[in-house]
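A closer look at the structure
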Amino acid sequence: MTTLTIERLSRHFTIRDGRHRTVLRAVDDVSFELRSGETVALVGESGSGKSTIARMLARLTRPTSGRMLLDGVPLKNGYRAVRRYRGDVQMVFQDPFGSLNPAHSVGYHLRRPLRLHGLAKDSASEQRGVHDLLDRVNLRPVEVVARRYPHELSGGQRQRVAIARALAPRPRILLADEPVSMLDVSIRLEILNLIDRLKQEEDLAVLYVTHDLATARYFASSIMVMYRGQIVERGPSDDVILGPSHPYTHLLASAAPDPDTPRPERADLRALRGGQQTQSDRSGCLFRPRCPHAFDRCPLPVPMFEVAPGHAARCFRHDPAVAAGPR
Amino acid sequence: MTNPSDVVLSVRDVTVEYAGTPPVRAVRGVSFDLARGEVLGIAGESGCGKSTLAYAVTRLLRPPGRLVGGSVTFTPPDGGDPIDVNALAGEELRLFRWHRIAMVFQGAMNALNPVLSVRRQLSDVFTAHEPGMGRRQREERCRQLLDLVGIAPNRLSSYPHELSGGMRQRVMIAMAMALRPDVVVMDEPTTALDVVVQRDILEEIDRLREMFGFAVVFITHDLSLLLEISDQLAIMYGGRIVETGRARDIHAAPHHPYTVGLLNSFPSLRGERQRLHGIPGNPPDLAHPPAHCAFTARCPYAFAQCHEIDPPLAPVRSGDGPGTLTACLQYDRTLRPAGPDEALVQGRFDLDRLGTSA
């Protein structure tokens, strides 16, 4: 049983505009846990900080503050420690056209991690490893695919290679950052089903970063919704999608294309649209300029309030102390 | 079918080829009718020919792309003689575009000129198409246009990079509205946008359509979006339309195995969870299109004749209403007297028959 614990993780970027300096809080005090055999979805719009979180977990970006613990042990710095960590935590990127080197064969892409992580002693075991990886992601015949170059493969096949490469060091945690958004619709579910199958077979902990609520609900057991660097709602997938508690989640869910829901039920969306403006001050609820329910307490710092067991929202409407209850 | 007198755009057997060795037939014998004020959704995956079709209809094809057959006829809804779009040239073509058919392209970032202000780009439309208009009047019209799509008129002086993705797309739509066209062709207008912004844009398009009554050809790969917004739907695969009909009929009862597979590729946001999967395999290589149905290789319901015949669109009898057309031999009663496969009728994409697994 593996757990990756994220405690109060933040990442700030300084933006220089002439002599002006502003601090962008891409990720602001985020805590959660990834556990073996579970998929957690991180959803939000572009710029909400979801990819920055994935990159920090992959140790591609350094957090400004906060800490991460693998099986309860805080992460160490240094080349060897990071390499050992990367053996445990692997990432699949969004763009299968950019994440593979066009000058190298599929076999090369898979041999390298096997060699770097000391999993193959000689070229025979290396080849066995490559073929085994290709077999696990259903790229057959394995001997033929191993000799192919990225440009000879379709988008879906390339993403399978990227997944095989991520599996090579036998990771326990897989970070999937929008793994299907560049692929054709008919291919997407194949790739997501593959990740889901591998999760079960290898008992992986999966972080699924996406903007697509429907697949998040479908593949993840729990969902975290991000808005401007903060997690504003978290809970079991069905609870979050079918009974959104934060007004922002509600907005996202009602904006998503859904031919099964008749249009009149979306009427309340117009009210939610409000202003697109964002405020520069980060005190209180960040969603309040757009929120139809905003009231006098919203400029105060908002903690997460439990709505139901395991389901929480960063919204004062769910504060048990608000006498009227949720409005 | 739609009332013939209402048809504004009639496309017949359009075939487009990209020169090369061998040439690639991106669109193969596509026909459709677009009625006044209607939304026709064209769905398909990348490489199915949907964007090429849009370019062909608006006469925007550039070499090596070439229209090798078929006709596009525009009938002005305000009366007047039908216009053979393919025969237009020079000044006539220039007048036709933007006045009659406007286009909103995919990726507003690339479609707007980054070094010209919004004002310059909007007023260009008027300078080019209504040369008699004075400077002050142009400015006034530009302000109205921005206001129309919900952007503050003081944004006229902005440059594209100063606008958000959603605003840029709104500017594109404003530009398309400039001369009150009868038909607007939209090629993936919301693909790069976040869901909330996408929803705003869709509502904007809806509102403008109510105001001006133009017809829309809406092209996207997002079938769930199309089902929601379209009146008519055409599903493209391998350069052909494989199924077409009213959107709600196709949603309720898809016929072509590809449509069924595509519908099974989208998990429902709120519906019950069921085991879903995409469509295994890859789209056909249109440089070497098969002589038979292009979907056969990925189709769980293919039988012997599917490897020989490329079926044309034919009506399928089901329930009342105008009915759906589909190009599938499963519905050919001479080949299958007993009717189509039971699982296909139930809208299941039966993977087991393909003998593959995820």
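Residues numbered from 1 in each chain as written. Chains lettered and ligands numbered in written order. Predicted model: local features only at pLDDT ≥ 70, side-chain atom pairs only at ≥ 80, totals over all residues. Heavy atoms only, no water.

Turning to the overall build of chain B, a few remarks are in order. Across its full length, chain B holds 11 helices and 12 strands. A compact globule built from 358 residues would reach a C-alpha radius of gyration of about 21 Å, and chain B, at 22 Å, matches this within 12%. Considered along the principal axes of its C-alpha atoms, chain B spans approximately 70 × 45 × 45 Å. The burial tally for chain B puts 53% of its 358 residues in the buried class. Relative to all contacts within chain B whose residues are 6 or more apart in sequence, the contacts with residues 24 or more apart total 65%. Working note: accessible area of chain B is about 15,400 Å², and carbon and sulfur atoms make up 50% of it. (Helix = DSSP H or I, 4+ residues; strand = E, 2+ residues; numbered from the N terminus. Rg over C-alpha atoms; globule rule 2.2 N^0.38 Å. Buried < 20%, exposed > 50% of the residue type's maximum accessible area, 1.4 Å probe, protein only. Contact = heavy atoms within 4.5 Å. Areas by Shrake-Rupley, 256 points an atom, 1.4 Å probe, with all protein chains shown as cover.)

This next bit is on a nonpolar patch on the surface. Residue and element names in this part refer to chain A. A cluster of nonpolar side chains, namely Phe-13, Ile-15 and Leu-24, defines an oily patch on the protein surface of about 230 Å² accessible area. Relative to the helices and strands, Phe-13 is located in strand S1 (residues 3-17). Take Phe-13: its relative accessible area is 30%, and that puts it in the partly exposed class. (Patch = residues over 30% accessible without salt bridge, like charges linked within 9 Å, V, L, I, M, F, W, Y side chains within 5 Å. Salt bridge = Lys/Arg side-chain N within 4 Å of Asp/Glu carboxyl O.)

Leu134(A), Val137(A), Ile163(A), Ile223(A), Val225(A) and Tyr248(A) are the most contacted members of the largest nonpolar core, which totals 69 residues. Per-element tally for this core: the top contributor is helix H7 (residues 185-202) of chain A, with 7 residues. There are two domains that each give this core at least three residues, and those are domain 1 (3-242) and domain 2 (243-327) of chain A. Apart from the residues lying within four places of it in its own chain, the contact partners of Tyr248(A) are Glu45(A), Val225(A), Met226(A), Tyr227(A), Val232(A) and Phe287(A). Among the nonpolar cores identified, the runner-up in size contains 67 residues, and Leu163(B), Met172(B), Ile205(B) and Phe295(B) belong to it. (Core = buried A, V, L, I, M, F, W, Y, C linked by side-chain atoms within 4.5 Å. Domains from an automatic or database assignment.)

All right, on to the interface of chain A and chain B then. Across the boundary between the two partners, chain A contributes 44 residues, which contact 40 residues of chain B. Between the two partners, chain A and chain B, sit 2 salt bridges. Asp258(A) is the partner of Arg270(B) in a salt bridge, and the nearest nitrogen-oxygen pair spans 2.7 Å. Taken together, the links from chain A to chain B amount to 19 residue pairs in polar contact (both at pLDDT 80 or more). Secondary-structure elements contributing two or more residues to the side of chain A that touches chain B are helix H6 (155-167), H7, helix H8 (213-219), helix H9 (237-242), helix H10 (247-255) and helix H11 (268-273) of chain A. (Polar contact = N/O pair within 3.5 Å; in protein donor to acceptor, adjacent residues only side chain to side chain.)

Attention now goes to the confidence of the model for chain B. Regions with low pLDDT carry predicted coordinates that are not meant to be interpreted in detail. With 95% of its residues at a pLDDT of 70 or more, chain B shows a mean pLDDT of 88. In the model output, the complex is listed with pTM 0.88 alongside ipTM 0.83. (pLDDT = per-residue confidence, 0-100.)

Moving on, we get to the sheet that holds strand S2 (residues 20-35) of chain A. All names here are of chain A. The 4 strands are arranged S2-S1-S4-S5 in an open sheet whose pairing can be described as antiparallel. Each end of this open sheet is capped by a strand with a single partner; those strands are S2 and strand S5 (73-74). Taken together, the 5 bridges between S1 and strand S4 (residues 65-70) define a ladder with antiparallel strand orientation. Bridge pairing links Thr-5 to Leu-69 in S4. (Pairing = 2+ DSSP bridges.)

All names here are of chain A. The grouping of Lys-76, Arg-80, Arg-83 and Arg-84 at the surface amounts to a positive patch. Topologically, Arg-83 is positioned in helix H2 (residues 79-88). The class for Arg-83 is partly exposed, based on a relative accessible area of 34%. (Lys, Arg positive; Asp, Glu negative; His and termini not counted. Charge placed at Lys NZ, Arg CZ, Asp CG, Glu CD.)

Here the focus is the packing of aromatic side chains. Across all of its chains, the model carries 10 aromatic pairs over all chains by this definition. With a centroid separation of 5.8 Å and an interplanar angle of 50 degrees, the aromatic rings of Phe305(A) and Phe316(A) are classed as tilted. Here Phe305(A) is found in strand S11 (residues 305-308), whereas its partner Phe316(A) is found in the segment after strand S12 (311-313), with 11 residues between them in sequence. Taking the relative accessible area as the measure of exposure, Phe305(A) reaches 10% and is therefore buried. Note on Tyr55(B) and Phe105(B): the rings are 6.1 Å apart at their centroids and 40 degrees apart in plane angle, and the pair reads as tilted. Residue Tyr55(B) is located in helix H1 (residues 50-57), and its partner Phe105(B) is located in the loop between strand S6 (101-104) and helix H3 (108-111); the two are separated by 50 residues in the primary sequence. Judged by its relative accessible area of 22%, Phe105(B) is partly exposed. Joined through ring pairs, the aromatic side chains of Tyr227(A), Tyr248(A) and Phe287(A) make up one cluster. It is Arg59(A) that lies over the ring of Tyr85(A); its NZ or CZ is 5.4 Å from the centre. (Phe/Tyr/Trp six-rings, centres within 6.5 Å; stacked < 30°, edge-to-face > 60°. Lys NZ or Arg CZ within 6 Å of the ring centre and 35° of its normal.)

A word on the state of the cysteines. Any covalent bond linking the sulfur atoms of two cysteines counts as a disulfide. Inspection of every chain in the model, using the stated rule, returns 0 disulfides over all chains. For Cys328(B), which is in no disulfide, the shortest distance to another cysteine sulfur is to Cys299(B) and amounts to 6.1 Å. (Disulfide = S-S within 2.5 Å.)

Before going further, it helps to spend a moment on the domain arrangement of chain A. Residue and element names in this part refer to chain A. Each assigned domain of chain A is listed here: domain 1 (3-242) and domain 2 (243-327). Each of domain 1 and domain 2 has a C-alpha centre, and the two are 29 Å apart. The interface of domain 1 with domain 2 comprises 20 residues on the first partner and 20 residues on the second. For the pairing of domain 1 and domain 2, the buried interface totals around 1,900 Å² over both sides, and the portion due to carbon and sulfur atoms is 52%. Among the residues of domain 1 in contact with domain 2, Tyr-227, Arg-228 and Glu-233 are the three that bury the most area, contributing 34% of the side total. Summed over the shared surface of domain 1 and domain 2, the result is 0 salt bridges. Between the two partners, domain 1 and domain 2, sit 10 residue pairs in polar contact (both at pLDDT 80 or more). (Buried area = accessible area lost by both parts, 1.4 Å probe.)

On to helix H5 (residues 135-148) of chain B. All names here are of chain B. If you check H5, its first and last C-alpha atoms are 20 Å apart, about what 14 residues at 1.5 Å a residue would give, namely 20 Å. All buried positions along H5 are accounted for by Arg-138, Arg-141, Cys-142, Leu-145, Leu-146 and Leu-148. The buried residues of H5 occupy one face: seen down the axis, they fall within an arc of 155 degrees. Along H5, the residues that are exposed and aim more than 90 degrees away from the buried face are Arg-136 and Asp-147. Next to the buried residues of H5 lie helix H4 (118-129), helix H6 (165-177) and helix H7 (195-212). (Expected span 1.5 Å × (residues − 1). Arc of directions from axis to C-beta.)

Residue and element names in this part refer to chain B. Relative orientation of the contacting elements H6 and H7 amounts to 15 degrees, with a least axis distance of 10 Å. The orientation of H6 with respect to H7, classified from their angle, is roughly parallel. In the crossing of H6 with H7, the sense of the turn from one axis to the other is right-handed. Contact residues: H6 offers Gly-166, Gln-169, Arg-170, Ile-173 and Met-177, while H7 offers Val-197, Asp-200, Ile-201, Glu-204, Ile-205, Leu-208 and Phe-212. (Axes fitted to C-alpha atoms, helices over the stretch in contact; angles between N-to-C directions. Parallel < 35°, antiparallel > 145°, perpendicular 65-115°, else oblique. Left-handed = near helix turned anticlockwise from the far one by under 90°.)

The next subject is the environment of Phe218(B). Residues and elements named next belong to chain B. Inspection of the secondary structure puts Phe-218 in strand S8 (residues 215-220). As a C-alpha pair, Phe-218 and Thr-324 span 106 residues in sequence and 19 Å in three-dimensional space. Contact partners of Phe-218, with chain neighbours within four places excluded, come to Val-39, Leu-40, Gly-41, Ile-42, Met-186, Pro-189, Leu-202, Ile-205, Leu-225, Leu-226 and Ile-229.

Bringing unusual backbone geometry into the picture now. A cis amide bond links Arg140(A) with the next residue in sequence, Pro141(A), at an omega value of 0 degrees. The topology assignment puts Pro141(A) in the loop between helix H4 (123-136) and helix H5 (142-147). Residues Pro63(B) and Pro64(B) are joined by a peptide bond in cis, for which omega reads 10 degrees. By the secondary structure assignment, Pro64(B) is in the loop between H1 and strand S4 (65-74).

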